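Descriptive structure summary
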Amino acid sequence: MVVPADHLPASALEPVRPAYGSGSLAEVLPSVSAVLGVPGAPDPLGLRDELDGITRVAVLLVDGLGAHQIPLVASHAPVIGDLAARGRTLTAGFPSTTPVSLVTLGTGVPPGVHGILGFTTRRPDGRVLNHIQWKRDPDPAQWQPVPTRFELAAAAGVATTVVSRPEFEGSGLTVSAYRGSAYRPATGALADRMLEELRAATGPALVYGYFADLDHHGHGSGIDSGPWREAARDAGALIDRLVHGLPAHSALLVVADHGQLNVPSDARFDMADIPALQAGVTGVAGEPRVRYLYAAPGALDDVVAAWQGVLGDAAWVLTRDEAIDGGWFGPVPSDHRDRIGDVAVICQGRAVALAGGWEPPTVGRLIAYHASVTAAEMEIPLLIAR
């Protein structure tokens, strides 16, 4: 396996805590709502002064555009470098993975509150729910009970629209993150459809768009690979088109759900190859950078000890209570606690905890990963143009 170097400084591998309440992804749409005049909407990011006179806001999420990827991306997409020069840095929530982040953005609350707590989590019946493949079971309104910021804005008279891929329409994740908005499938150019929605608005409007390619090619080919560079150029062209096409009294905000890092072959710990990691484990969820383990009755301490013994400094191995008490998820109501594993393995450095036999083999063949607490994964940009 050839893994491209991603040129991360040592500081990018240091842990970063989520800045819930002051500078996380959860604060973006509350502040946008305040700009658009939604009654009672807080403005934790202070956008009202910065966007004075703005009545229409486009929010573009570029999947995988972490703050530490900006220098590489900017070499292929100068507009992103220009915006970053006067932008700021936020944090994702935890785990720093797409379904968690999309719902954190859409609801404006930390992950513990909305309950989407991993790429996969275990349901009460013991089955594992993949949030990306989620259709309508369980009912999104029950699994994710928090009103979205799109719902609240629409109730206040703001026209709210989501522009994304046709295949995502009506999925459990889409409903959980964006319910209350009009869904517009992006069957053509994403920028053109977003600009059409902005121009059609006769009053305050919020238009959200989603670009997936940077994350996709990071996973499959690695950060700074040829396909990743092409996706960076495409992201730049999309943003450039939006910046130069904004109608009067409009602004564009560009955010991300997480960053990524390349993982070499010698940093991969696979349960299938290490018997000590299998003992006492009855279920596995999460993903390679934040692995959730479900322990047999009476086996919790032994599972923790075994994983600590094998992974050492390559991971924090925490019980569910330790992870929750550490504040990583924000407040976690009782109905959501069991979605977190009995044990949370939070990988450090570039390590991953693979679950051969429990998850598709393709997961272990990825090049770049994310979900953990390093700066490379947690720190995300907020770029603004008007």
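Whatever comes next refers back to the structure up there.
For the structure given in this document, a descriptive report is provided here. Keep in mind the model is a prediction, meaning the values are calculated, not measured.

This part covers helix H5 (residues 98-107). Among the ten residues of H5, ten are classified as buried, and the element is accordingly described as predominantly covered. Tucked inside the fold, the buried residues of H5 contact helix H1 (28-35), strand E1 (56-62), helix H6 (111-114), helix H8 (149-155), helix H9 (172-178) and strand E7 (205-211). Two residues or fewer after H5 comes glycine 108, characterised by a positive phi angle close to 75 degrees.

Moving on to the pairing of strand E14 (residues 343-347). By the criterion of burial, E14 is predominantly enclosed, with five of the five residues buried. Burial of the side chains of E14 extends over both faces: Val343, Val345 and Cys347 are buried on one face and Ala344 and Ile346 on the other. With four bridges connecting them, strand E12 (residues 290-295) and E14 associate as antiparallel partners. Across the sheet, tyrosine 292 pairs through a bridge with alanine 344, a residue of E14. As paired elements, strand E13 (residues 315-319) and E14 share five bridges and run antiparallel to each other. Of the residues in E14, the one forming a bridge with threonine 319 is valine 343.

Moving on, we get to the packing of helix H10 (residues 190-200) against helix H12 (residues 226-245). Interaxial distance between H10 and H12 falls to 9 Å at its minimum, and their mutual angle equals 25 degrees. By the angle class used here, H10 and H12 are roughly parallel. The handedness of the crossing between H10 and H12 is right-handed. Residues Leu190, Ala191, Asp192, Met194, Leu195 and Arg199 of H10 touch H12, and the partners they reach there are Leu238, Arg241, Leu242 and Gly245. Residue classes in the contact of H10 with H12 are distributed as six nonpolar, one polar and three charged.

Here we come to the packing of helix H11 (residues 213-221) against H12. Where H11 contacts H12, the axes come no closer than 8 Å and their chain directions differ by 175 degrees. The orientation of H11 with respect to H12, classified from their angle, is roughly antiparallel. Contacts between H11 and H12 pair Asp213, Leu214, His217, Gly218 and Ser221 from the former with Pro227, Trp228, Ala231 and Ala232 from the latter. Tallied by class, residues from the contact of H11 with H12 come to five nonpolar, three polar and one charged.

Attention now moves to the sheet that holds strand E5 (residues 159-164). Taken together, seven strands build an open sheet; the order of strands is E2-E17-E8-E1-E7-E5-E6 and the sheet is mixed. Where the open sheet ends on each side, the last strands, each with one partner, are strand E2 (88-91) and strand E6 (182-185). With direction set aside, neighbouring strand axes in the sheet form an average angle of 25 degrees. Strand direction decides the pairing type here: E5 and E7, joined by five bridges, are parallel. Looking at the pairing, threonine 160 lines up with leucine 206 of E7. Packed on one face of the sheet, H5 meets E1 and E7 and runs near 175 degrees to E7. The sheet contacts of H12 involve E1, E7, strand E8 (250-255) and strand E17 (379-385), and relative to E1 the element is tilted by about 180 degrees.

To continue, consider the pattern of salt bridges. Overall, the coordinates contain 21 salt bridges when judged by the stated rule. Put simply, aspartate 43 and arginine 48 hold a salt bridge, and the shortest N to O gap is 3.8 Å. When its relative accessible area of 44% is taken as the criterion, arginine 48 is described as partly exposed. In this structure, arginine 193 and glutamate 196 form a salt bridge, with 3.7 Å as the shortest nitrogen-oxygen distance. Remark: glutamate 196 and arginine 193 occur in helix H10; sequence separation between them is three residues, near one turn of the helix. Assessed through its relative accessible area of 45%, glutamate 196 is described here as partly exposed. Connected via shared salt-bridge partners are Arg123, Asp125, Arg127 and Asp137.

How each quantity is defined
Residues numbered from 1 in each chain as written. Predicted model: local features only at pLDDT ≥ 70, side-chain atom pairs only at ≥ 80, totals over all residues. Heavy atoms only, no water. Buried < 20%, exposed > 50% of the residue type's maximum accessible area, 1.4 Å probe, protein only. Helix = DSSP H or I, 4+ residues; strand = E, 2+ residues; numbered from the N terminus. Contact = heavy atoms within 4.5 Å. Pairing = 2+ DSSP bridges. Axes fitted to C-alpha atoms, helices over the stretch in contact; angles between N-to-C directions. Parallel < 35°, antiparallel > 145°, perpendicular 65-115°, else oblique. Left-handed = near helix turned anticlockwise from the far one by under 90°. Nonpolar A, V, L, I, M, F, W, Y, C, P; charged D, E, K, R; others polar. Salt bridge = Lys/Arg side-chain N within 4 Å of Asp/Glu carboxyl O.

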